[in-house]
Amino acid sequence: MRFVLFDVDGTLLLTGGAGTRALKSALEQTYALPNGISGVRPGGKTDPQIVREVLQRYGGENRFTEENLSFLFPIYLSFLREELTASHNFLVLPGVRELVCTLSRKQDFLLGLATGNLEQGAQMKLERAGLSSFFLFGGYGSDAEDRTDLIRVAIERGHERIAPVRPECVFIVGDTPRDIVHGKEARAQTVAVASGSYSLDALKAYKPDFAVASLDPIEPIVEFLES
Ligand SMILES: [Mg+2]
């Protein structure tokens, strides 16, 4: 059995800015911070980590408390639902549908998520994309602020559902250096895809086990995952 754990933003889909706009509205409403996440590069970071960095930059980290997050995140999710519905530039990335269909038909693959999104946020984005039925388990930003930890949570959930798999049979697919670095830290194999905001060369510098410009065509990726 092999686990293939996908990142969401920049790997499976692009929201057309819906996520950023929703967080901006939520930060404005809860912390009276009008600048959104400007100055904070979100790629590969978890939602709690992004909020912490925004608060460090604009408001003082002492506002980063469990209580404040439990107030902010439901507001963020309600803005996210609206923004996803309204987003004109929402896009499922090339090759994604074909790759997840192909892998999910194979007996020895189990598909999951390893994403910094809150679990509900990830589900909303996947629903909008028509992809939610393919992913049976996952680790999320709502499980851990640290990406390595949420990858470990995802693997653990996969183990609970099926059986323990060897680390070399767990694959992280993502579009940022953080997917690679934290994937390695969790002892998984890493597949980098340059469909987000990093170039193929920039990703290769982090020495992923496999790297592609796009998930289309799917054949080289399937071949690597089966090798
Ligand atoms: Mg990403």
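So, how was this worked out
- Residues numbered from 1 in each chain as written.
- Predicted model: local features only at pLDDT ≥ 70, side-chain atom pairs only at ≥ 80, totals over all residues.
- Heavy atoms only, no water.
- Buried < 20%, exposed > 50% of the residue type's maximum accessible area, 1.4 Å probe, protein only.
- Helix = DSSP H or I, 4+ residues; strand = E, 2+ residues; numbered from the N terminus.
- Pairing = 2+ DSSP bridges.
- Right-handed = clockwise from strand over helix to strand, strands pointing away.
- Salt bridge = Lys/Arg side-chain N within 4 Å of Asp/Glu carboxyl O.

Caption draft 1: Region of the structure containing the pairing of strand β4 (residues 109–114). With 6 of 6 residues buried, β4 lies mostly within the body of the structure. Residues F109, L111 and L113 line one face of β4 and the alternating positions L110, G112 and A114 line the opposite face, and both faces are buried. In the sheet, strand β1 (residues 2–6) pairs with β4 via 5 bridges, with the strands oriented parallel. Within β4, the position partnered with F3 by the bridge is L110. Two elements, β4 and strand β5 (residues 137–139), share 3 bridges in a ladder whose sense is parallel. Bridging across to β5, A114 finds its partner in G139. The β-α-β motif built from β4, the intervening helix α5 (residues 119–129) and the parallel element β5 has right-handed crossover chirality.

Caption draft 2: Quick peek at the pattern of salt bridges. Per the stated rule, a full pass over the model turns up 11 salt bridges. Among the salt bridges present, the one from E53 reaches K45, with a minimum N-O distance of 2.9 Å. The residue E226 makes a salt bridge to K106 at a minimum N-O spacing of 3.0 Å. Taken together, the residues E226 in helix α9 (residues 219–226) and K106 in the loop between α4 (96–105) and β4 connect sequence positions 120 residues apart. A residue is classified by how much of its surface remains accessible, and E226, at 40% relative accessible area, is partly exposed. Judged by its relative accessible area of 24%, K106 falls in the partly exposed class. Through salt bridges with shared partners, one network takes in D7, R147 and D179.

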